[in-house]
Amino acid sequence: MARAVPERDADCAIAQAAAVVGDWWSLLLVRETARGRHRFDDLQRELDISRKVLAERLTHLVGCGVLDKVPYQEGPVRYEYRLSPSGRALLPVLVAMQDWSDRWLLGDGTLTASADEHSAEAHRVHELPGTRLPRLTLPAHTGEERDPVDPDAAATVLFCYPATGRPGPLPEGWNDIPGTVGCTLENRLFRDAHPTFTAAGVAVRGVSTQRPDEQRSFAAAEEIPFPLLSDMDARLSAALRLPTFRAGQALRLKRAVLVVDRERTVRHVQFPVTDIPHAVETALTEATKASG
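On a predicted model such as this, the values are computed, not experimentally measured, just so you know. (Residues numbered from 1 in each chain as written. Predicted model: local features only at pLDDT ≥ 70, side-chain atom pairs only at ≥ 80, totals over all residues. Heavy atoms only, no water.)

Thoughts on the overall build of the protein
In step 1: In terms of regular secondary structure, the protein is built from 11 helices and 11 strands.
In step 2: Split into buried and exposed, the 292 residues of the protein put 48% on the buried side.
In step 3: For the protein, the proportion of contacts with a sequence separation of at least 24, taken over those separated by at least 6, is 63%.
In step 4: Put simply, the protein has 35 plus and 40 minus side-chain charges, and the middle of one group is 4 Å from the middle of the other. (Helix = DSSP H or I, 4+ residues; strand = E, 2+ residues; numbered from the N terminus. Buried < 20%, exposed > 50% of the residue type's maximum accessible area, 1.4 Å probe, protein only. Contact = heavy atoms within 4.5 Å. Lys, Arg positive; Asp, Glu negative; His and termini not counted. Charge placed at Lys NZ, Arg CZ, Asp CG, Glu CD.)

Okay, structure coming up:
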């Protein structure tokens, strides 16, 4: 169970946070609820945790306001556990921990916006097909919240990219980080191919961690016809455990392309993306298959 904060650390915010989520199981429960697992049995099965320990950790996280306990059935009453606003605010912390581990524990410490195809993060992304994206919304450049999956399309292509130069400026040394260059090109290629995607019944969404106002400026300048979604709060990154890197004191999405069907199931992924024109062509081919 959580440790009490010693009196000497009563004013230390790090110690206070560690008392809430510093436990191994508590962090993994935040991870799994972000991924769409909300019910006791699903959490127990996924984490292979004892029912006693799971009940204790859930009670702790509900008591600390990280999770909300929500009834989903009557007679008998059964509950599921969902992230509260406080819990959702932890997602950037969770993704930052993942990013640190990908680079320093599972990688060789190199700062990169790409990945070796045999890396741990590449393996994690390649395991995504068959995964169902939980229901969530992200701020769009058009001003409203949008579901990453278009409910009216047979399939949706989500292309994740680090950041566009407009409105800029990009962080110092940006072009020296492998994999950062090409975001504007990628958006333009999807823009130019958008009529073909639309004719095939496929929706397109661009996703970055840039703010919606930054995306809005870029979309206007480049006449982007599809929504650009902001994952600045790491909701999509946490839900799919997408790879990131840190530049300019901010977490950025590494370039990846996902095809998601109308049932919200990931059907195809491309990562790392080294040939952007080929990635756009492959996205169309795979999305057309998924929509069939």
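Having put the structure on the table, let's press on.
Thoughts on unusual backbone geometry
In step 1: Residue P76 follows G75 across a cis peptide bond; omega there is 0°.
In step 2: Turning to its location among the elements, P76 is positioned in the loop between strand 1 (67-73) and strand 2 (78-83).
In step 3: Note the cis peptide between G168 and P169, where omega equals -5°.
In step 4: Looking at the secondary structure, you find P169 in the loop between strand 5 (155-160) and helix 8 (183-199).
In step 5: Unlike most non-glycine residues, D48 shows phi in positive territory, near 55°.
In step 6: The residue D48 is located in the loop between helix 3 (40-47) and helix 4 (51-63) in this model.

Some remarks on the packing of aromatic side chains
In step 1: Summed over all chains, the structure comprises 6 aromatic pairs.
In step 2: Aromatic pair F159 and F226: ring centres 5.7 Å apart, planes at 80°, arrangement edge-to-face. Note that F159 is positioned in strand 5 and F226 in the loop between helix 9 (212-222) and strand 7 (228-230), a separation of 67 residues in sequence. Pair check on accessibility: F159 and F226 agree, each one buried.
In step 3: One aromatic cluster is present, formed by F159, Y161, F190, F197 and F226 through successive ring pairs.
In step 4: Positioned over the ring face of Y72 is R39, at 3.6 Å from the centre of the ring.
In step 5: Just above the ring of Y79 sits the side chain of K69; from NZ or CZ to the centre is 4.6 Å. (Phe/Tyr/Trp six-rings, centres within 6.5 Å; stacked < 30°, edge-to-face > 60°. Lys NZ or Arg CZ within 6 Å of the ring centre and 35° of its normal.)

Examining the pattern of salt bridges
Here the idea is simple: oppositely charged side chains can pair when their charged atoms come close.
In step 1: This model, assessed by the stated rule, comprises 26 salt bridges.
In step 2: With a closest N to O distance of 3.9 Å, E46 and R35 form a salt bridge. Residue E46 is located in helix 3, and its partner R35 is located in the loop between helix 2 (24-34) and helix 3; the two are separated by 11 residues in the primary sequence.
In step 3: Given the relative accessible area of 36%, E46 is considered partly exposed.
In step 4: One salt bridge in this structure joins D42 and R45, with 3.0 Å as the shortest N-O distance. (Salt bridge = Lys/Arg side-chain N within 4 Å of Asp/Glu carboxyl O.)

Details of helix 9
In step 1: Regarding helix 9, the residues found buried are P212, E214, Q215, F218, A219 and E222. Down the axis of helix 9, the buried set is contained in an arc of 155°. They therefore lie on one face.
In step 2: Next to the buried residues of helix 9 lie strand 3 (138-139), helix 8, strand 6 (202-208) and strand 7.
In step 3: Just downstream of helix 9, E223 is the residue with a positive phi angle, here 55°. (Arc of directions from axis to C-beta.)

As for the environment of G87
In step 1: Along the chain, the position of G87 falls in helix 5 (residues 85-88).
In step 2: The spacing of G87 and A238 is 151 residues in sequence and 12 Å in space, taken between C-alpha atoms.
In step 3: Dropping the residues within four chain positions of it, G87 is found in contact with G65 and V66.

Regarding the environment of A221
In step 1: Along the chain, the position of A221 falls in helix 9.
In step 2: Its relative accessible area of 39% is what places A221 among the partly exposed residues.
In step 3: For A221 and T288, which are 67 residues apart along the polypeptide, the C-alpha to C-alpha distance reads 29 Å.

A word on the side chain of Q210
In step 1: Residue placement: Q210 occurs in the loop between strand 6 and helix 9.
In step 2: Exposure remark for Q210: the relative accessible area of 5% places this residue in the buried category.
In step 3: Residue contacts for Q210: discarding those within four places in its chain leaves Y161, A163, T164, Q215, S230 and R252.

What to know about the packing of helix 2 against helix 3
In step 1: For the pair helix 2 and helix 3, interaxial distance at closest approach is 11 Å and the crossing angle is 115°. In terms of crossing hand, the pair formed by helix 2 and helix 3 is right-handed. Here W25, L28, L29, R31 and E32 of helix 2 come into contact with helix 3, specifically with L43, E46 and L47. (Axes fitted to C-alpha atoms, helices over the stretch in contact; angles between N-to-C directions. Left-handed = near helix turned anticlockwise from the far one by under 90°.)

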